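Summary of the model geometry
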Amino acid sequence: MPRIKFSEATLSTPSPASQTPALEHESVVTKFFRATEIDARMLGMIAALLLVWAIFDVWSGIISHDDGLLGGAFLTPRNLWTLLVQTSSIAVMSTGMVLLIVMRQIDLSVGSMLSLIAVGTAVLQVYQLAPALGVGHPAIWVLGVAACLALGTLIGAFNGFLVAYAKIPAFIVTLGGLIAYSGIAFLLAKGETVAPMDQTFEVFGGGIQASWLGPFWSWILAAAACCTIAYAVVNGRRQRIRFNFPLRPVWAEAFLIAIGSFAVLGTTWVMNSYPWPQGVMEDYAKTHNLVIPAGVENRDGSAICMAGEQVVHCLNGLMHYTGFSLPALIAIGVCLGMTFIATRTSFGRYVYATGGNPEAAELAGINTKWLTVKVFALMGFLVGVSSIISSARLNAATNALGQTNELYVIAATVIGGTSLAGGVGTIYGAMIGALVMQSIVSGMSLLNLPAASQNMVVGGVLVLAVYLDQQYRRRLK
Amino acid sequence: MKNLVKAVMLGALAATAMSGLAEAKGKTIAVSWKTFQEERWKGDEATIKAVVEAAGDKYISADAQGSAQKQAADIEGLIAQKPDVIMVVAFDSDAILPSIKKISDAGIKSIAYDVQFEDPKALYITFDNVGVGRIMAKEILKAKPEGNYAFIKGDKGDPNATFLFQGQMEVLGAAIKAGKIKNVCETFTDGWKPDNAQKNMEQCLTSTKNKVDAVVSENDGMASGVVAALKAQGLAGKVPVSGQDGDLAAINRVALGTQTVSVWKDTAQLGKTAAEAAIAMAEGTAMDKIAGVAKFNGGKKKVEMNTILLAPTPITVANIGDAIKAGHITKDQACAGTKDVAACK
């Protein structure tokens, strides 16, 4: 396979800034960004995210005081933990949408596809497999997951085939899909809710105790992540030396390791600070024959103990912490995997190259048609992953599940800095975009603000984000 | 068998031939359906047809396939076959009115089936929709007479969401005023979507620190989201939850104890009542003499009509058996995962 190098500017490393000799009179800030090669736009997005969080925490704190960082209910471990779970489904899909939009394609059918996959596999699980194999048979969840992923990939590839080989514009193909797939989903379940899902399958939704990693494994995972970050930085430096590329100053390398580890450990600490809900703890103690110790009632405590015959909240008693939830881990895993695919594989580079200049890419020998099918199939696969998370989380599947998700997925991608003109976009940007959007929705819901105003704000943020991004890019030129 | 078919066909032919004559025994009941796209209408048709034919009368019908124009043509066609009563499931309750006038001009009686059109000469048969909200609230109130209530309402654009809430407030208003019940969360749910309801419930639990004692959800789909959110906090089965539609999954949740009530509109009951009313009208019974008829003027234009308002059935642990007996749900579906309820043993 021919390996072609395209305009380096669209690829992630090495950034052109690091290749130019240092200017003598640059400001400290510019120097910092040049040395660390941190994307200023990413920093801007993270700052926006933190600002949104701070506003909601202060605002909810004004309504009623809570133990959040700024006195509200938003910046509490519990809410942040829930936020990650709520974001995971959209975030997973938005990583695929980045590649599609980078390639100047779009998929409007992801929401309907999600309902079709969820309903189709739920019918398989609940009406076919469960009666045939017996409720709770381990093959049910395995087949359920496999069916979701396979069906997703298949539908995605079908979309891609129509776009690439039948030469129908992606907008039309997937608009048709948006309408048609939700129709099929309706017919499959006759408009009814299919429930409940297999008990093991439910683990993927994060709603049951079995899908919580616990503090011990969360810390182990965090430690492993920190080591990986350090290794990646050191290895990157070694590679640069090998190919005679310009190097970051040592302090910048150290700073990257420090800030990366800090983020990982901080997130883990927050996740590990969320105690099991009282009801879950109580049920767990009952089913595992744990003795609930006697104690003194305290409404603010997170542990449980006995006050006479009654189970009450208390400060020290029986308690466990949740740690990372499975859906959040899946989303993080998908983010890492997709970042690797986008920046480190020839497949990813072809996608960016085709998005930057489709004609040039084709002339250079990239099979853009087959590439299109593959990118759509990948999108479908990710919708399959999301459908597992969504239906497991709801412990049910209905044709309403996933409807209008396409709008949120595209919005997350665009807020995350992916250009609809093609060629530009990052996976982590889309993840942050998804987090920003879900933060706004959850925060407003926490404040008990009406759904209509949530839509209004999310729409406004979408347009504002694109405007700011364009201003930034123009200045850069 | 063949003979039977022949006999039925002959009978049908005879009925058609003589339907215009006063001495004819078999009456003809016609139905103009708006669509068969949704599963339920086929069930309605089967019920009506069975009741009409069991009474020795004839059933004829037309399907408008979701078009107001086709429905107008359908009704002209039905009038031409000279039935005694025409039942109409209107696709558009305003556009249908000229056709209804044609029916009465031809001396035929009309019934508005499930969908209201406001013509004082017609009989309107439907479920008491405001009552659904009342029943939900009553069942939840029974389970939790006081405490913190959360209200998960339907889509803000659907007037039904507000009607249901009104019904709930009729029941709960006094207790709220007295301070026994506190409304801690009240949200509309975009598109009646279960996953939105789940997120709203999660945020409600976060903001109240789990101090929610009961949840009034306006339908079963949203109840599935509410129960999932409660389950994640170990509260499923401890906090009463309402719903409506008689979803199979919801009836299963009632059996499992995670949902308190699903208000069910038994469409078979609706079909049976309408068919019986149609037969009575065909035989010349005056509208206001039919059992269950009362005056109703709650429509858009406030036209007073003779109306039969059927009471929806609350499905609770106590009467799951009835839903199974009615053939709405199989025992296996209703009882998946539990044997604790009487109907499941």
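Sequence order as written defines the numbering, with residues in each chain counted from 1. Numbering of ligands from 1 and lettering of chains from A proceed in the order in which they are written. For this predicted model, a pLDDT threshold of at least 70 governs which residues receive local features, and a threshold of 80 or more governs which side-chain atom pairs are given and counted, while totals over whole chains, interfaces and linings are taken from all residues.

Once that is clear, we can look at the overall build of chain B. Secondary structure elements are taken from DSSP: a helix is a run of H or I of four residues or more, a strand is a run of E of two residues or more, and numbering for both begins at the N terminus. Secondary structure summary: chain B contains twelve helices and twelve strands in total. Considered along the principal axes of its C-alpha atoms, chain B spans approximately 70 × 50 × 35 Å. Three classes are used. A residue is buried when 20 or more other C-beta atoms lie within 10 Å of its own, exposed when 12 or fewer do, and partly exposed in between, with C-beta atoms placed from the backbone. Per-residue burial for chain B yields a buried fraction of 48% across its 345 residues. Contact criterion: two residues are in contact if their C-beta atoms, reconstructed from the backbone, are within 7 Å. Counted over contacts in chain B with a minimum sequence separation of 6, partners at least 24 positions apart contribute 71%.

For the rest of this paragraph, the subject is the overall build of chain A. Counting its regular elements, chain A contains 17 helices and two strands. Taking 477 residues into account, the globule formula puts the C-alpha radius of gyration at 23 Å, and chain A, at 24 Å, falls close to it. The principal-axis extents of the C-alpha atoms in chain A amount to approximately 75 × 60 × 45 Å. Counting over 477 residues, chain A shows a buried share of 47%. Counting only contacts in chain A whose residues sit at least 6 apart along the sequence, the fraction spanning at least 24 positions is 72%. Atoms counted for the radius of gyration: C-alpha only. Globule rule: 2.2 Å times the number of residues to the power 0.38.

Quick look at the sheet that holds strand β3 (residues 85-88) of chain B now. Two orientations exist for strands paired in a sheet by backbone hydrogen bonds: parallel and antiparallel. Residues and elements named next belong to chain B. The pairing criterion for strands is at least two bridges between them, as found by DSSP. Pairing is mixed in the open sheet, where seven strands are placed in the order β2-β1-β3-β4-β5-β11-β10. Each edge of the open sheet carries a strand with a single partner, namely β2 (58-63) and β10 (293-296). On average, each strand axis in the sheet is tilted by 25° relative to the strand beside it, whichever way the strands run. Every axis in this analysis is a line fitted to C-alpha atoms, fitted for helices over the stretch in contact. Angles between the N-to-C directions lie between 0 and 180 degrees.

At the interface, 36 residues of chain A touch 37 residues of chain B. When residues of the side of chain A that touches chain B are traced back to their parent elements, those giving at least two are α4 (77-102), α10 (278-287), α14 (368-394), α16 (427-446) and α17 (451-476) of chain A. Take the side of chain A that touches chain B: its biggest share by element is five residues, from α10 of chain A.

With that settled, the discussion passes to the packing of α4 of chain A against helix α11 (residues 326-344) of chain A. All names here are of chain A. Packing of α4 against α11 leaves a shortest axis separation of 8 Å and a crossing angle of 15°. Here α11 runs roughly parallel to α4, going by the angle between their axes. You can see that α4 and α11 cross each other, and the crossing is left-handed. Packed against α4, whose contacting residues are Leu84, Val85, Ser88, Ala91, Val92, Thr95 and Leu99, the element α11 presents Pro327, Ala328, Ile330, Ala331, Val334, Cys335, Met338 and Ala342 at the interface. Here the word oblique covers every angle except those under 35 degrees (roughly parallel), over 145 (roughly antiparallel) and from 65 to 115 (roughly perpendicular). Handedness of a helix crossing follows the sense of rotation of the near helix relative to the far helix, less than a right angle counterclockwise being left-handed and clockwise being right-handed.

All names here are of chain A. Judged by how many residues are buried, helix α15 (residues 405-415) sits mostly within the fold: ten of eleven residues are covered. Within the sequence span of α15, burial applies to Asn405, Glu406, Tyr408, Val409, Ile410, Ala411, Ala412, Thr413, Val414 and Ile415. Packed against the buried residues of α15 are α4, α5 (110-133), α7 (170-189), α16 and α17. Following α15 by one or two positions, Gly417 adopts a phi angle in the positive range, close to 95°.

A separate point is the domain arrangement of chain B. A domain assignment, automatic or from a database, supplies the domain bounds used here. Under the domain assignment used here, chain B contains domain 1 (2-121 + 267-311) and domain 2 (130-264 + 314-344). Put simply, the middle of domain 1 of chain B and the middle of domain 2 of chain B, counted by C-alpha atoms, are 35 Å apart.

What follows covers the nonpolar core. Put simply, a nonpolar core is buried Ala, Val, Leu, Ile, Met, Phe, Trp, Tyr and Cys residues tied into one set by C-beta atoms within 7 Å. Of all hydrophobic cores here, the largest spans 171 residues; its most connected members are Val226 and Ile251 of chain B. Each residue touching Ile251 of chain B, except ones within four places of it in the same chain, is listed here: Gly246, Ser262, Ile315, Ile320, Ala323, Ile329 and Ala334 of chain B.

A separate point is the pairing of β3 of chain B. Successive residues of a regular strand alternate their side chains across the two faces of the sheet. All names here are of chain B. Taking every second residue as pointing to the same face, both faces of β3 are buried, with Val85 and Met87 on one and Ile86 and Val88 on the other. By the bridge criterion, four bridges tie strand β1 (residues 28-33) to β3 in an arrangement that is parallel. Its bridge partner being in β3, Ala30 is matched across the sheet by Ile86. In this sheet, strand β4 (residues 109-113) lies alongside β3 in parallel orientation, the contact comprising four bridges. Among the inter-strand pairings, Val85 is bridged to a residue of β4, identified as Lys109. Looking down the strands as they point away from the viewer, one classifies a crossover as right-handed if the path from the first strand across the helix to the second runs clockwise. One crossover worth recording links β3 to the parallel β4 by way of helix α4 (residues 97-105), and it is right-handed.

Residue and element names in this part refer to chain B. Strand order in the open sheet formed by three strands is β7-β6-β8, and the pairing between neighbours is parallel. This sheet does not close on itself; its edge strands, each paired only once, are β7 (181-187) and β8 (214-217). With direction set aside, neighbouring strand axes in the sheet form an average angle of 25°. Helix-sheet contacts for helix α7 (residues 194-208) involve β6 (147-152), β7 and β8, and the interaxial angle to β6 is about 155°.

So, about the packing of helix α3 (residues 68-80) of chain B against α4 of chain B. Residue and element names in this part refer to chain B. The geometry of α3 relative to α4 is characterised by a closest axis approach of 9 Å and an angle of 5° between their N-to-C directions. In terms of their interaxial angle, α3 and α4 are classed as roughly parallel. Between α3, through Ala72, Ile75, Glu76 and Ile79, and α4, the contact on the second element is made entirely by Ser99, Lys102 and Ile103.

What follows is about the pairing of β8 of chain B. All names here are of chain B. In β8, alternate side chains face the same way, and those of Ala214 and Val216 on one face and Val215 and Ser217 on the other are all buried. Sheet topology note: the β6/β8 ladder contains four bridges and is parallel. In the strand pairing of β8, Phe151 is matched with Val216.

Quick look at the confidence of the model for chain A now. All names here are of chain A. With 95% of its residues at a pLDDT of 70 or more, chain A has an overall mean of 89. A residue's pLDDT is simply how confident the predictor is in it, with values from 0 to 100. The weakest mean pLDDT in chain A belongs to helix α1 (residues 16-19) at 46; the strongest belongs to α14 at 97. Long-range and interchain partners of residues 1-20, a stretch whose pLDDT sits below 50, account for 25 contacts in this model, where long-range means more than four residues apart.

Attention shifts here to unusual backbone geometry. What is expected of a backbone is that most residues other than glycine have negative phi and most peptide bonds are trans. Residue Pro196 of chain A is reached from Ala195 of chain A by a cis peptide bond, and omega for that bond is -10°. Here Pro196 of chain A lies in the loop between α7 and α8 (215-242). At Asp114 of chain B, a residue that is not glycine, the phi angle is positive and equals roughly 65°. Within the fold, Asp114 of chain B resides in the loop between β4 and β5 (123-127). Exposure remark for Asp114 of chain B: the 22 C-beta atoms within 10 Å place this residue in the buried category.

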